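Residue-level listing of the chains:
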Amino acid sequence: METPLRHHQDNPMRGVRANIVQSIRAYRVADLLAAAQSLGHHFLYANLAHAQTKQDVLELIATQFTFPAHFGKNFDALYDCMTDPLHKAGPQPGFIVVLDQIPTTVKFDKEAREQLLDIFRDAADYWADRKIAFRCFYSFL
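Report follows, based on the coordinates. All of these numbers come straight from a predicted model, not from anything done at the bench. (Residues numbered from 1 in each chain as written. Predicted model: local features only at pLDDT ≥ 70, side-chain atom pairs only at ≥ 80, totals over all residues. Heavy atoms only, no water.)

Next up on the list: the overall build of the protein chain. For the protein chain, the count of helices and strands is 5 helices and 4 strands. Along the chain direction, N to C, the helices and strands of the protein chain fall in the order β-α-β-α-α-α-β-α-β. Here the C-alpha coordinates of the protein chain stretch approximately 60 × 35 × 20 Å along the principal axes. The long-range share in the protein chain, meaning contacts at least 24 apart out of those at least 6 apart in sequence, stands at 69%. (Helix = DSSP H or I, 4+ residues; strand = E, 2+ residues; numbered from the N terminus. Contact = heavy atoms within 4.5 Å.)

One recurring pattern in soluble globular proteins is that nonpolar side chains are buried together. Residues Leu78, Leu99 and Phe120 are the most contacted members of the largest nonpolar core, which totals 35 residues. Contributions of two or more residues to this core are made by strand 2 (42-47), helix 2 (54-64), helix 3 (75-82), strand 3 (95-102), helix 5 (110-129) and strand 4 (134-140). Counting residues per element, this core draws most heavily on helix 5, at 9 residues. The contacts of Leu78, once residues within four sequence positions are left out, are Leu58, Ile61, Phe67, Phe71, Leu116, Ile119 and Phe120. Counting 10 residues, the second-largest nonpolar core is a separate cluster that includes Ile24, Ala36, Val98 and Phe137. (Core = buried A, V, L, I, M, F, W, Y, C linked by side-chain atoms within 4.5 Å. Buried < 20%, exposed > 50% of the residue type's maximum accessible area, 1.4 Å probe, protein only.)

This part covers the packing of helix 3 against helix 5. One way to put it is that helix 3 packs onto helix 5 with a least axis distance of 10 Å and a crossing angle of 25 degrees. Compared by their axis directions, helix 3 and helix 5 come out roughly parallel. For the element pair helix 3 and helix 5, the recorded crossing hand is right-handed. Along its contact with helix 3, which presents Phe75, Leu78, Tyr79 and Met82, the element helix 5 presents Ala112, Gln115, Leu116, Ile119, Phe120, Asp122, Ala123, Tyr126 and Trp127. Of the residues contributing to the contact of helix 3 with helix 5, the split by class is 11 nonpolar, 1 polar and 1 charged. (Axes fitted to C-alpha atoms, helices over the stretch in contact; angles between N-to-C directions. Parallel < 35°, antiparallel > 145°, perpendicular 65-115°, else oblique. Left-handed = near helix turned anticlockwise from the far one by under 90°. Nonpolar A, V, L, I, M, F, W, Y, C, P; charged D, E, K, R; others polar.)

Right, let's talk about the sheet that holds strand 1 (residues 19-23) for a bit. The sheet built from 4 strands is open, its strands ordered 1-4-3-2 with parallel pairing. If you trace the sheet from one side to the other, it starts and ends with strand 1 and strand 2, each paired once. With direction set aside, neighbouring strand axes in the sheet form an average angle of 10 degrees. Looking at chain direction, strand 2 and strand 3 are connected through 6 bridges and run parallel. Paired with Tyr45 across the two strands is Val98, which belongs to strand 3. (Pairing = 2+ DSSP bridges.)

Let us now look at the side chain of Thr105. Within the secondary structure layout, Thr105 lies in the loop between strand 3 and helix 5. Only 3.0 Å separates the side chain of Thr105 from the backbone nitrogen of Phe108, close enough to count as a polar contact. With sequence-adjacent residues up to four places away left out, Thr105 is seen in contact with Ala51, Gln52 and Arg113. (Polar contact = N/O pair within 3.5 Å; in protein donor to acceptor, adjacent residues only side chain to side chain.)

That is the geometry; function is a separate question.
If you want it as structure tokens, here you go:
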């Protein structure tokens with residue numbers, strides 16, 4: 001019988017549901033990057049500290065996630081970029097996404113923040129339906 005390459009207890013994401021959007025809390029970005037590398041997952045990181053508005057947030061995400069130039073810079077386009085083109089590109093190993101320092105400004109209020117996180121929750125559900133891990137961690141500025 002062959003020995004597995006990685007024992008269950010070696011999984012750096014054990015105890016974290018495979019498809020979830022949650023506060024970064026006890027995790028450090030460097031540890032999440034290392035976990036993604038260990039698991040062979042895509043690591044997507046966006047630092048949103050300098051964003052003030054929805055357009056700023058979308059532009060920073062698009063730039064830091066290297067979305068195509070034709071990205072529509074709206075929440076529907078964000079969802080589309082996080083799901084369909086990646087699915088059509090072939091089998092995916094999994095995703096660890098970090099939305100660092102989401103702004104809490106008047107121009108990016110609680111409703112806008114919830115809409116943003118809902119996009120990533122919907123993406124997590126999309127990938128769950130395909131049995132692909134999608135973990136998104138976020139923090140507020």
